[in-house]
Amino acid sequence: MIIDCHTHLNRYVESQPVSLAERYAQLHADMDANGVQHAVVLSSYTINADRPSTDELLALMEGDARVSVVAGVSVPHLGSDQVMHLRRLLETRRIVGLKLYPGYQPFHLYDRAVHPVYELAGDFDVPVMVHTGDTFNPKAKVRYTHPMEVDDVAVDFREVTFVLCHMGNPWFVDAMEVVYKNENVLGDISGLTLGTFEPRYERMVTGKIDEALAFINNPSKLMFGTDWPISDMGSYLAFAAKLETTDDEREGMMWRNAARVFRIPVQEQADG
Ligand SMILES: [Zn+2]
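Nothing here was measured: the structure is a model prediction, and the numbers come from that model.

Asker: What exactly am I supposed to notice about the sheet that holds strand β5 (residues 128-131) here?
Answerer: In a beta sheet, neighbouring strands pair by backbone hydrogen bonds and run either parallel or antiparallel. Taken in spatial order, the eight strands line up as β1-β2-β3-β4-β5-β6-β7-β8 in an open sheet, and their pairing is parallel. At either end of the open sheet lies a strand with only one pairing partner, and these are β1 (3-7) and β8 (222-223). Pairing analysis gives four bridges linking β5 to strand β6 (residues 162-165), with the strands arranged parallel. Across the sheet, residue Met-129 finds its bridge partner in β6, namely Val-163. Contacting β5, β6 and β7 (185-188), helix α5 (residues 148-156) crosses the sheet at an angle of about 175° to β6. On top of the sheet, helix α6 (residues 172-181) reaches β6 and β7; it is set at about 140° to β7, its chief contact.

Asker: It is not clear to me how the coordination of the zinc ion should be interpreted in this structure. Could you clarify?
Answerer: In an ideal octahedron of six donors the angles at the metal are 90 or 180 degrees, and in an ideal tetrahedron of four donors they are 109.5 degrees. Around the zinc ion, the protein supplies His-6 (NE2), His-8 (NE2) and Asp-227 (OD) as donor atoms, at distances of 2.1 Å. Along the chain, the residues donating to the zinc ion are arranged with the sequence spacing H-x1-H-x218-D. In this pair, His-6 sits in strand β1 while Asp-227 sits in the loop between β8 and α8 (233-241), placing the two residues 221 residues apart along the sequence. For the pair shown, His-6 and Asp-227 are each scored as buried.

Asker: When you look at unusual backbone geometry in this model, what are you seeing that I'm missing?
Answerer: The phi angle of most residues is negative, glycine excepted, and most peptide bonds adopt the trans form. Residue Pro-170 is reached from Asn-169 by a cis peptide bond, and omega for that bond is 10°. Here Pro-170 lies in the loop between β6 and α6. Looking along the chain, the bond that leaves Trp-228 and enters Pro-229 is cis, with omega of 5°. Its place among the elements puts Pro-229 in the loop between β8 and α8. Positive phi, normally seen in glycine, also occurs at Arg-93, with a value near 55°. If you trace the backbone, Arg-93 turns up in the loop between α3 (80-91) and β4 (97-100).

Asker: What is the right way to read α5 from this model?
Answerer: Quick reminder: α-helices carry 3.6 residues per turn. Residues three or four places apart thus point the same way. For α5, every residue scored as buried is listed here: Glu-149, Val-150, Asp-151, Val-153 and Ala-154. In the core, the buried residues of α5 are packed alongside α4 (115-124), β5, β6, α6 and β7.

Asker: Help me out: how do you make sense of empty space enclosed by the protein in this one?
Answerer: Here the idea is plain: a probe the size of a water molecule rolls over the atoms and shows the empty space left. Applying the stated criterion to the full structure yields one cavity of 30 Å³ or more. Estimates place the volume of the largest cavity at around 50 Å³. Residue lining of the largest cavity: Leu-213, Ile-216, Asn-218, Pro-219, Lys-221, Leu-222 and Glu-249, and that is the complete set. Counted by class, the lining of the largest cavity contains four nonpolar, one polar and two charged residues.

Asker: Sorry, what's going on with the pairing of β6 here?
Answerer: Where burial is concerned, the two faces of β6 agree: the one with Phe-162 and Leu-164 and the one with Val-163 and Cys-165 are both buried. Remark: the β5/α5/β6 crossover connection has right-handed handedness. Pairing of β6 with β7 involves three bridges; the strand directions are parallel. From the neighbouring strand, Val-163 faces β7, where its bridge partner is Leu-186.

Asker: Looking at this structure, I do not really get the nonpolar core. What am I missing?
Answerer: General note: in soluble globular proteins, nonpolar side chains tend to be found buried as a group. Judged by nonpolar contacts, the single largest core of 89 residues is most densely connected at Leu-100, Tyr-118, Phe-162, Met-167, Ile-189, Ile-209 and Phe-262. Non-local contacts of Ile-209, meaning those with residues more than four positions away in its chain, are made with Met-167, Phe-172, Ile-189, Leu-192, Leu-222, Phe-239 and Leu-243.

Asker: Teacher, can you tell me more about the pattern of salt bridges here?
Answerer: Oppositely charged side chains may form a pair once their charged atoms are brought near each other. Considering all chains together, one arrives at seven salt bridges under this definition. Asp-32 is the salt-bridge partner of Arg-66, the closest N and O atoms lying 2.9 Å from each other. Of this pair, Arg-66 sits in the loop between α2 (54-61) and β3 (67-72) while Asp-32 sits in helix α1 (residues 20-34), placing them 34 residues apart in sequence. A relative accessible area of 26% places Arg-66 in the partly exposed class. For Arg-256, the salt bridge is made with Glu-251, and the minimal N-O distance between the two is 2.7 Å.

The rules we used
- Residues numbered from 1 in each chain as written.
- Predicted model: local features only at pLDDT ≥ 70, side-chain atom pairs only at ≥ 80, totals over all residues.
- Heavy atoms only, no water.
- Pairing = 2+ DSSP bridges.
- Helix = DSSP H or I, 4+ residues; strand = E, 2+ residues; numbered from the N terminus.
- Contact = heavy atoms within 4.5 Å.
- Axes fitted to C-alpha atoms, helices over the stretch in contact; angles between N-to-C directions.
- Donors = N, O, S within 2.8 Å, 3.2 Å for Na, K, Ca; no water.
- Buried < 20%, exposed > 50% of the residue type's maximum accessible area, 1.4 Å probe, protein only.
- 1 Å grid on protein atoms, 1.4 Å probe; cavity = no way out; pocket = protein on both sides within 12 Å on 5 of 7 lines; lining within 4 Å.
- Points joined across faces, edges and corners; volume = space filled by probe spheres on them.
- Nonpolar A, V, L, I, M, F, W, Y, C, P; charged D, E, K, R; others polar.
- Right-handed = clockwise from strand over helix to strand, strands pointing away.
- Core = buried A, V, L, I, M, F, W, Y, C linked by side-chain atoms within 4.5 Å.
- Salt bridge = Lys/Arg side-chain N within 4 Å of Asp/Glu carboxyl O.

Here it is as structure tokens:
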């Protein structure tokens, strides 16, 4: 059983298909080719020709049990309209989490303006995923993406589960402390390369995640994710296979933690 907890259907580069339906078909093809049973698809903080809205994704994926949707939140536009819309999607369980993009959008997680997001997550028991670390876009401001930013809100909103995406790359040490110390914080290991891993870099990053695994020493804390299509799924699984884990840590990382946090019903498939 493998759950990829972090994928996108955005069009990042011109070589990707223009149509959303084609990118969605490509995701399924890559899942099949790599034995990935379930993917969590994250919508963006912005909507344009290359970045579909949460509603577009939901319409496209209606009835597809192999994907779940996490809604990207646009913090500068976090008025009552957006909050009400998210609340409706959560009430009907059409989305399984919320995603914040500090850095891409310049805001601090602790800013009062963001609190409605944590209140929603608490009300509906869904995780808040947070981009941390290096950004795909050099115009983003990385001081907002430091993993320590997650600690503030993890402490103030104990009932909310936070996912520190990309393990703060390259601030792995800070990320591992925030994940280790806070019961309500997990890390995802997605997005640590563009495309396929280059051997020297893969050795470096494998060492970093091995250190995090050893320091955290808790099988319920890390999740496998790729950041597909930014990162190649096959190369990512090969990287994950090289990590030094206990059997419990591997099972937790590859699917069990994501199934629990996003409430993805996979138990039958896992047993079958
Ligand atoms: Zn991502």
